[in-house]
Amino acid sequence: IFLKRLLLVIVSPLLTTLLFAQSVDEGKKIHAEYVSSKSAYGESVTAYTLLYKAYSNYMQVLNSSASSAFEKSQSKEGLVRIFDDICKAVYYFDRKDLNRQRQFMTAYADIYLHEEMENAQLQLDDNYYVFVYEVARKYYETKQWELAIHYIEAFINTGVSVKRKDAFLYMGD
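Just so we're clear, the structure is a prediction, and the values are computed from it rather than from any experiment.

A. Seen up close, the packing of helix H3 (residues 69–92) against helix H4 (residues 98–113). Across the interface, H3 lies against H4 with an axial gap of 9 Å and an inter-helix angle of 150°. Looking at the two axes, H3 sits roughly antiparallel to H4. In this structure, the crossing between H3 and H4 has a hand that is left-handed. Residue-level inspection shows Leu 79, Phe 83, Ile 86, Cys 87, Ala 89 and Val 90 of H3 in contact with H4, the latter providing Gln 101, Phe 104, Met 105, Ala 107, Tyr 108, Ile 111 and Tyr 112. Taken together, the residues that form the contact of H3 with H4 break down as 12 nonpolar, 1 polar and no charged.

B. Focus on the packing of H4 against helix H6 (residues 145–157). Running from N to C, H4 and H6 point in directions that differ by 70°, and their axes come no closer than 12 Å. Here H4 is positioned roughly perpendicular relative to H6, judged by the angle of their axes. H6 is crossed by H4, and the crossing has left-handed handedness. Between H4, through Thr 106, Ala 109, Asp 110 and Leu 113, and H6, the contact on the second element is made entirely by His 150, Tyr 151 and Ala 154. Tallied by class, residues from the contact of H4 with H6 come to 4 nonpolar, 2 polar and 1 charged.

Each value, and the rule that gives it
- Counting restarts for each chain, with residues numbered from 1 along the sequence as it is written.
- Given that this is a predicted model, residues contribute local features only at a pLDDT of at least 70 and side-chain atom pairs are listed and counted only at 80 or more, while totals for whole chains, interfaces and linings are drawn from all residues.
- Each side-chain value is derived from all of the structure's non-hydrogen atoms; neither hydrogens nor water enter the calculation.
- Between N-to-C directions, angles cover 0 to 180 degrees, with each direction set by a line fitted to C-alpha atoms, over the stretch in contact for helices.
- Runs of H or I in DSSP of at least four residues are treated as helices and runs of E of at least two as strands, each being numbered from the N terminus.
- We call two directions roughly parallel when the angle between them is under 35 degrees, roughly antiparallel when it is over 145, roughly perpendicular when it lies between 65 and 115, and oblique otherwise.
- What makes a crossing left-handed is the near helix being turned counterclockwise from the far one by less than a right angle; a clockwise turn instead makes it right-handed.
- Contacts between residues were defined by any pair of non-hydrogen atoms, one from each residue, lying within 4.5 Å.
- The residue classification treats Ala, Val, Leu, Ile, Met, Phe, Trp, Tyr, Cys and Pro as nonpolar and Asp, Glu, Lys and Arg as charged. All others, Gly included, are polar.

See the structure below:
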C-alpha cells in the first residue's frame, strides 16, 4: 500500500504535465485543422467550431494551476494567433446565430481580459468595446450578476462614453 501511494505521488504530477502538454499540442492541431478548413471551404460553421475548440483548449491550459510556464506561454501564443479570427467569427454569425455570436464575443473579451494575456500586445479596435458591452448586457439580461459586473466593469474601464450611461445603470441594478 505504501509503495502504491508513493508511486501515485511521484507519477501524478508527471501525468498532469503530460496531459497539459498534450492539451497544448491538441490546441495547435485543432488550430491547424481550422486553418485548413477555412482555406479549403472559406468561412463556415465547421471552421468556426474548430476555432472555438482551439480557443477552449488554450484557455483550459492557461487557467490550470497544473500547467507549466512553458505550456502557458504556448497557449498564450495560440490565443494571440486566433484573436483576430475570433473577431471574424463574431461577424460571421451576425444575423445567423445570435448565441454563437455572443459565444465568440465572450471569447474575444476573455482573451483580452485574462491576466496572463496582459503583455501579449493584442491589437484592439472598436470591436472590443462593442463586444464587451454586449457580453455585459447578455449576462445582465440573464441575471448572472457576477459575470455581468465583471464585464460591465471591463466596459467602463475602456473609457468609451458611448453607452456608458447604460453600463452604469446596469451596474446600479
